[in-house]
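What follows is the residue order along each chain.
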Amino acid sequence: MAKTLKELLAVLDSYHLNGDSSIVIEGVSDDSRQIKKGYLFICHAGVKSDGYAYINDALTKGAVAVLSDRDAGGLPVTVVTVPDSNIAMQKLAPHFFDYPADKMTMVGVTGTNGKTTVTHMLRDIFAAAGHKTGVIGTIHALSGDRELPVRNTTPDVMELQTLLAEMHEDGVKYIFMEVSSHALALNRIAGCEFDIAVLTNVTLDHLDFHKTFEEYVAAKTLLFRGLKKDKARAVINADDKSSAGIIVVTGAPVTRYGQSKDNDVFPLKLDLHAKGMELVLATPKGEVGLSVATTGHFNVYNVMAAVGAAVAAGISLDAIRAGFSAFRGVAGRFELVENGQPFTVIVDYAHTPDGLENVLLSARQIASKRLICVFGCGGDRDRGKRPLMGEIAARLSDYVFVTSDNPRSEVPEVIIEDIKTGIGVRANYSAITDRREAIGEALAMAGEGDVVVIAGKGHETYQILKDKTIDFDDRQVAREFLKGKWQA
């Protein structure tokens, strides 16, 4: 993939070159830690750090050129000055890697909740159909069964193109990617044209970044505005309030899914139980009966989204059925923690009002006695959702333990006070700042037939505090408390 600097810069509209354009560029990165001999180092001011502070580090590691949108000083290498280094990076990254997204079928899944589950359902469906797949999302990046290292939960354009290039080299044919509102608003998906776009839902989240709900919806809409109009497909949750506006703006044919018979994909039969579901769906290709190892009404929508996308891609109903037979759920998504105890323990990533409500409603369906909820809200994030989540937890649970999530730079007790404003004086709850202690108290309270939901962190194996990040896994903590008292 090596290119001369002149070849690489051909995609830029405007730049000033100080140095030799014939030098060979062996790699491109905006992270000085990734720089090797022969690389171009792209300088830009990031959210947490300024790339200009790492120029000398990049040069020490072998960078032969630097791209910048401000005066980088007298450097001993070729310097390219551009009006905006972020925009330049969005053009250079896919060009350097020869546009790997164009060589694979790209399936983008966006929405507030359900993205991870849908991408993993699709992975199993397409694998059952005999295709090698790649997954890029919150939990990990997978090329086939091989996990690839990632720097960010939502890859920036440089990291994304690097991942896509490696997956293409591995022989991957289909990519299932979680496409966040941040990625869309910041154009981190530059160089990617999606063949299928899936909308799960749009509910309150990320207003610390988007400022208004309308801006948040507009960001999600970008995925559907940008579809390849000649051959792309849109798969949309028609029961979501934002779906009508998104359907209007996309030029691609739409597969609608939802509860009513007016949709292309809808349930004919449904049986939910504690450890899974059996359902029959109507699809444009006919009826398909499925047995799925996850439960909850919100997961019925995730199943319909995956089936709609698979049908739109031409996957057979037999492969869809086989894919769901292989599906074993997703880490931290309505995940059961079992150690022989006579009550149910569920760990879920729910960290939005809608997500928490969906999980608690589903848990209520399988609880023969009490529903106990443990949750908190993240620091340095949208404060407006905290009282909303407090109200939801108090309304749907018999007892609530309000605790810390990832407080980050905020004081945990302040976050908890925000949550308590939505709980109300009559609710049964305790506020315990230490998350481990809160989980322990909830499990000690639980008895036969109860359900304990530990919400907010799901698959995460860490907790972000003000001055450090510590090891913390809700599932492991729950097992530690259950061990000894209850023997599997």
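Scroll up for the structure.
Reading the values: rules and limits
Residues numbered from 1 in each chain as written. Predicted model: local features only at pLDDT ≥ 70, side-chain atom pairs only at ≥ 80, totals over all residues. Heavy atoms only, no water. Helix = DSSP H or I, 4+ residues; strand = E, 2+ residues; numbered from the N terminus. Rg over C-alpha atoms; globule rule 2.2 N^0.38 Å. Buried < 20%, exposed > 50% of the residue type's maximum accessible area, 1.4 Å probe, protein only. Contact = heavy atoms within 4.5 Å. Areas by Shrake-Rupley, 256 points an atom, 1.4 Å probe, with all protein chains shown as cover. Lys, Arg positive; Asp, Glu negative; His and termini not counted. Charge placed at Lys NZ, Arg CZ, Asp CG, Glu CD. Expected span 1.5 Å × (residues − 1). Pairing = 2+ DSSP bridges. Axes fitted to C-alpha atoms, helices over the stretch in contact; angles between N-to-C directions. Core = buried A, V, L, I, M, F, W, Y, C linked by side-chain atoms within 4.5 Å. Left-handed = near helix turned anticlockwise from the far one by under 90°. Nonpolar A, V, L, I, M, F, W, Y, C, P; charged D, E, K, R; others polar. 1 Å grid on protein atoms, 1.4 Å probe; cavity = no way out; pocket = protein on both sides within 12 Å on 5 of 7 lines; lining within 4 Å. Points joined across faces, edges and corners; volume = space filled by probe spheres on them.

(A) Highlighting the overall build of the protein. Each helix and strand in the protein was counted, giving 16 helices and 26 strands. Rg of the C-alpha trace for the protein: 24 Å, near the compact-globule value of 23 Å for 488 residues, within the 12% margin. Each principal axis of the C-alpha distribution contributes one length, and for the protein these read about 75 × 55 × 40 Å. The buried share of the protein, reckoned over its 488 residues, is 55%. Expressed as a percentage of contacts within the protein between residues at least 6 apart in sequence, the contacts between residues at least 24 apart total 66%. In the structure as shown, the protein presents an accessible area of about 20200 Å², 49% of it carried by carbon and sulfur atoms. Within the protein, one finds 53 positive and 62 negative side-chain charges whose respective centroids are separated by 2 Å.

(B) Spotlight on the side chain of D30. By secondary structure assignment, the location of D30 is in the loop between strand 4 (27–29) and strand 5 (39–42). Sequence-distant contacts of D30, that is, excluding residues within four places in its chain, are made with F41, I42, H44, M89, R151, D156 and M158.

(C) Examining helix 10 (residues 297–312) more closely. Taking 1.5 Å of rise per residue, the 16 residues of helix 10 would be expected to cover 22 Å, and the 23 Å separating its terminal C-alpha atoms lies within 8% of that figure. In terms of burial, helix 10 is a largely internal element, 13 of the 16 residues being buried. Directly after helix 10, the chain includes G314, whose backbone phi takes a positive value near 90°.

(D) Geometry of unusual backbone geometry. In this structure, D98 is a non-glycine residue whose phi angle is positive, near 60°. Given the relative accessible area of 34%, D98 is considered partly exposed. Residues other than glycine seldom take positive phi values, yet Y99 does so here, at roughly 50°. Turning to its location among the elements, Y99 is positioned in the loop between helix 3 (85–96) and strand 8 (105–110). Residue Y99 is classed as partly exposed on the basis of its relative accessible area of 30%.

(E) Highlighting the side chain of N113. Take N113: it is sitting in the loop between strand 8 and helix 4 (115–128). For N113, a relative accessible area of 15% corresponds to the buried category. Ignoring sequence-local partners within four residues, the contact set of N113 consists of T200, N201, T203, T352, D354 and G355.

(F) Examining the environment of M304 more closely. Note that M304 resides in helix 10. You can call M304 buried: its relative accessible area is 0%. Sequence separation between M304 and G258 is 46 residues; the distance between their C-alpha atoms is 7.5 Å.

(G) Spotlight on the sheet that holds strand 14 (residues 233–237). On the basis of which strands lie adjacent, the open sheet formed by 8 strands has the order 11-10-9-12-8-13-14-15 and mixed pairing. Looking at which strands have only one partner, the edges of the open sheet turn out to be strand 11 (146–148) and strand 15 (254–257). Across the sheet, the mean angle from the axis of one strand to that of its neighbour is 20°, orientation sign disregarded. Alignment of strand 8 against strand 12 (residues 174–178), held across 5 bridges, turns out to be parallel. Each bridged residue has a counterpart across the sheet, and for T105 the counterpart in strand 12 is Y174. Where helix 4 meets the sheet, it contacts strand 8, strand 9 (133–136), strand 10 (141–143) and strand 12, and its direction lies at approximately 170° from that of strand 12.

(H) Representation of the nonpolar core. Counting 36 residues, the largest nonpolar core has L122, L281, L290, V303, V307, I320 and F324 as its most contacted members. No other element matches helix 10, which puts 9 residues into this core. Setting aside residues up to four positions removed in sequence, V307 forms contacts with V265, L281, T283, L290, I320 and F324. Counting 33 residues, the second-largest nonpolar core is a separate cluster that includes A101, M177, A234 and I236.

(I) Inspection of the packing of helix 10 against helix 11 (residues 317–326) at higher detail. The geometry of helix 10 relative to helix 11 is characterised by a closest axis approach of 10 Å and an angle of 145° between their N-to-C directions. Read as a crossing pair, helix 10 and helix 11 show a hand that is right-handed. Each of V303, A306, V307, A310 and V311 in helix 10 lies in contact with helix 11, whose residues at this interface are L317, I320 and F324. A breakdown of the residues in the contact of helix 10 with helix 11 according to their chemical character gives 8 nonpolar, no polar and no charged.

(J) Quick peek at the layout of surface pockets. Estimates place the volume of the second largest pocket at around 470 Å³. What lines the second largest pocket is a set of 18 residues, and nearest its centre among them are Q34, Y39, F97, T162 and E166. Where the lining of the second largest pocket is concerned, the elements lending two or more residues are strand 4 and helix 5 (157–169). At 5 residues, helix 5 tops the list of elements feeding residues into the lining of the second largest pocket.

(K) Focus on the pairing of strand 6 (residues 65–68). Burial along strand 6 is two-sided: the face carrying A65 and L67 and the face carrying V66 and S68 are both buried. Where strand 6 and strand 7 (residues 78–81) come together, 4 bridges link them in parallel fashion. Bridged to V66 within strand 7 is V79.

(L) Here's a closer look at the sheet that holds strand 16 (residues 266–273). Strands sit in the order 16-17-18 across an open sheet of 3 strands; the sheet is antiparallel. Every other strand in the sheet has two partners, leaving strand 16 and strand 18 (286–292) as the edge strands with one partner each. The average undirected angle you get between the axes of adjacent strands in this sheet is 5°. Here strand 16 pairs with strand 17 (residues 276–283) via 7 bridges, running antiparallel. The residue bridging H273 from the neighbouring strand is G276, located in strand 17. The strands that helix 11 touches are strand 17 and strand 18; relative to strand 18, the one it contacts most, it runs at about 10°.

(M) Quick peek at the pairing of strand 13 (residues 196–199). With burial as the criterion, each face of strand 13 is covered, one bearing I196 and V198 and the other bearing A197 and L199. Where strand 8 and strand 13 come together, 4 bridges link them in parallel fashion. Within strand 13, the residue paired with V109 across the bridge is V198.

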